[in-house]
Amino acid sequence: MPTINSAHPRRFRWTPTAASRSSHQQRRWREWMAVVLAVNSGATDAIGFLALGGAFTSVMTGNMVLLGVALAGTDGALALHTGAAIVCFILGCSLGTRIAGTPRPDDPVWPPAVTRALVVEGVVLTGYAVGWWLSGGHPSGQLQLSLLVLNALALGIQSSTVQRFGVAGLSTTYLTGTLTTVIARLTSGHRLRDVTQSVLTLLGLIAGAALGGLLAVRAPVWAPLMQLGSLGIVLAAAVAAIQPEPDRDLSDR
């Protein structure tokens, strides 16, 4: 709340209240959780591209280009994989929106519906992981396609769920716009600290892709743990962080 400076009675100094500090900390925490979700996206996309038929699971712009290339080159397998990934990503977006809902004026920093939607994503990724492990980390044929669409469905859920926050520019999957915004702001004179969140999200995506790709190629049996682990960190943090406010002690009144 504002307080009066005793030396200059007409000058005011803004003193943050405990509530405003807490809200700022919660927003910072949410930003870090978005970075972890971007790690999940990067790993999932890398695994899909390297081990599940050469299609992406969240970069639908890339899949549309690959679909066009496949149709031009009459590559039926690539067309099937990219087309299926696009359809299932769309279904995931729809499901995520149905569960998480849309932003509301009275939303807390982390609406409980976001956690519920991410739990559903976790269930989908768990089903994928089981299929992956049953194949010994080397899925092929129909199983390969099935695991690809499960991953696309999961990231579709994640992509639309993050929209519940109602924060412009906050994304954990389609990050071309994020990169464009970073470059535009830096070029127009903004400081690096003004785009720190976006830069960290981009780095999280790259790190997830590097680790996910490395596991998919060198130690495939461990690859799903990269995805389940990153999503699990977010869910555990959400459950731990969102606590009911304690009752006020009547003796303090």
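Definitions and limits used
Residues numbered from 1 in each chain as written. Predicted model: local features only at pLDDT ≥ 70, side-chain atom pairs only at ≥ 80, totals over all residues. Heavy atoms only, no water. Helix = DSSP H or I, 4+ residues; strand = E, 2+ residues; numbered from the N terminus. Buried < 20%, exposed > 50% of the residue type's maximum accessible area, 1.4 Å probe, protein only. Contact = heavy atoms within 4.5 Å. Areas by Shrake-Rupley, 256 points an atom, 1.4 Å probe, with all protein chains shown as cover. 1 Å grid on protein atoms, 1.4 Å probe; cavity = no way out; pocket = protein on both sides within 12 Å on 5 of 7 lines; lining within 4 Å. Points joined across faces, edges and corners; volume = space filled by probe spheres on them. Nonpolar A, V, L, I, M, F, W, Y, C, P; charged D, E, K, R; others polar. Phe/Tyr/Trp six-rings, centres within 6.5 Å; stacked < 30°, edge-to-face > 60°. Lys NZ or Arg CZ within 6 Å of the ring centre and 35° of its normal. pLDDT = per-residue confidence, 0-100. Core = buried A, V, L, I, M, F, W, Y, C linked by side-chain atoms within 4.5 Å. Expected span 1.5 Å × (residues − 1).

Caption draft 1: How the structure looks around the overall build of the chain. Helix and strand counts for the chain stand at eight helices and two strands. The order of helices and strands in the chain, counted from the N terminus, is β-β-α-α-α-α-α-α-α-α. Across the 253 residues that make up the chain, the buried fraction comes to 42%. A sequence separation of at least 24 residues applies to 69% of the contacts in the chain between residues at least 6 apart. Carbon and sulfur atoms make up 66% of the accessible area of the chain, which totals about 13,800 Å².

Caption draft 2: View of the layout of surface pockets. Counted as a void, the largest pocket has a volume near 540 Å³. Along the walls of the largest pocket sit 24 residues, with Val 167, Ala 168, Gly 169, Gln 197 and Ser 198 positioned nearest its centre. Those elements that place two or more of their residues in the lining of the largest pocket are α1 (18–51), α6 (176–187) and α7 (196–218). Here the lining of the largest pocket takes five residues from α1, the largest share from any one element. Residues of the lining of the largest pocket, tallied by class, amount to six nonpolar, 11 polar and seven charged. Looking at the second largest pocket, its volume works out to about 410 Å³. Asp 45, Val 59, Thr 173, Leu 175 and Leu 205 are, among the 21 residues lining the second largest pocket, the residues nearest its centre.

Caption draft 3: Representation of the environment of Leu 203 within the structure. Considering the arrangement of structural elements, one finds Leu 203 in helix α7. Residue Leu 203 is classed as partly exposed on the basis of its relative accessible area, which comes to 48%. Taking the C-alpha atoms as reference points, Leu 203 and Val 35, 168 residues apart in sequence, are found 8.3 Å from one another.

Caption draft 4: Layout of the packing of aromatic side chains. Using the criterion set out here, one finds four aromatic pairs in the structure. Aromatic side chains Phe 49 and Phe 56 sit 5.1 Å apart centroid to centroid with 15° between the ring planes, which places their arrangement in the stacked category. A relative accessible area of 39% means that Phe 49 is categorised as partly exposed. For Phe 56, a relative accessible area of 22% corresponds to the partly exposed category. An angle of 50° between the planes, with centres 5.1 Å apart, marks the rings of Trp 110 and Phe 165 as tilted. Note that Trp 110 is positioned in the loop between α3 (76–100) and α4 (112–134) and Phe 165 in the loop between α5 (141–162) and α6, a separation of 55 residues in sequence. Three or more aromatic residues link up through ring pairs in this structure, and these residues are Trp 29, Trp 110 and Phe 165. Cation over ring: Arg 30 sits above Phe 165, and NZ or CZ is 5.1 Å from the ring centre.

Caption draft 5: Region of interest: unusual backbone geometry. One non-glycine residue, Thr 74, lies in positive phi territory at about 50°. Relative to the helices and strands, Thr 74 resides in the loop between α2 (60–72) and α3. Exposure remark for Thr 74: the relative accessible area of 70% places this residue in the exposed category.

Caption draft 6: Seen up close, the confidence of the model for the chain. Here the chain averages 89 in pLDDT, while 87% of its residues score no lower than 70. Across the chain, the secondary-structure element scoring lowest on mean pLDDT is strand β2 (residues 12–14), at 44, and the one scoring highest is α4, at 98. Note on residues 9–15: pLDDT is under 50 here. Beyond four places in sequence and across chains, it has 15 contacts.

Caption draft 7: Seen up close, the nonpolar core. Residues Ile 47, Trp 110, Leu 118, Tyr 128, Trp 132 and Val 234 are the most contacted members of the largest nonpolar core, which totals 41 residues. Only α1, α3, α4, α5 and α8 (223–241) provide two or more residues apiece to this core.

Caption draft 8: Local environment of α2. A rise of 1.5 Å per residue sets the reference length of α2, with its 13 residues, at 18 Å; its end C-alpha atoms lie 18 Å apart and thus fit the reference within 8%. Residues of α2 that are buried make contact with α3. Directly after α2, the chain includes Thr 74, whose backbone phi takes a positive value near 50°.

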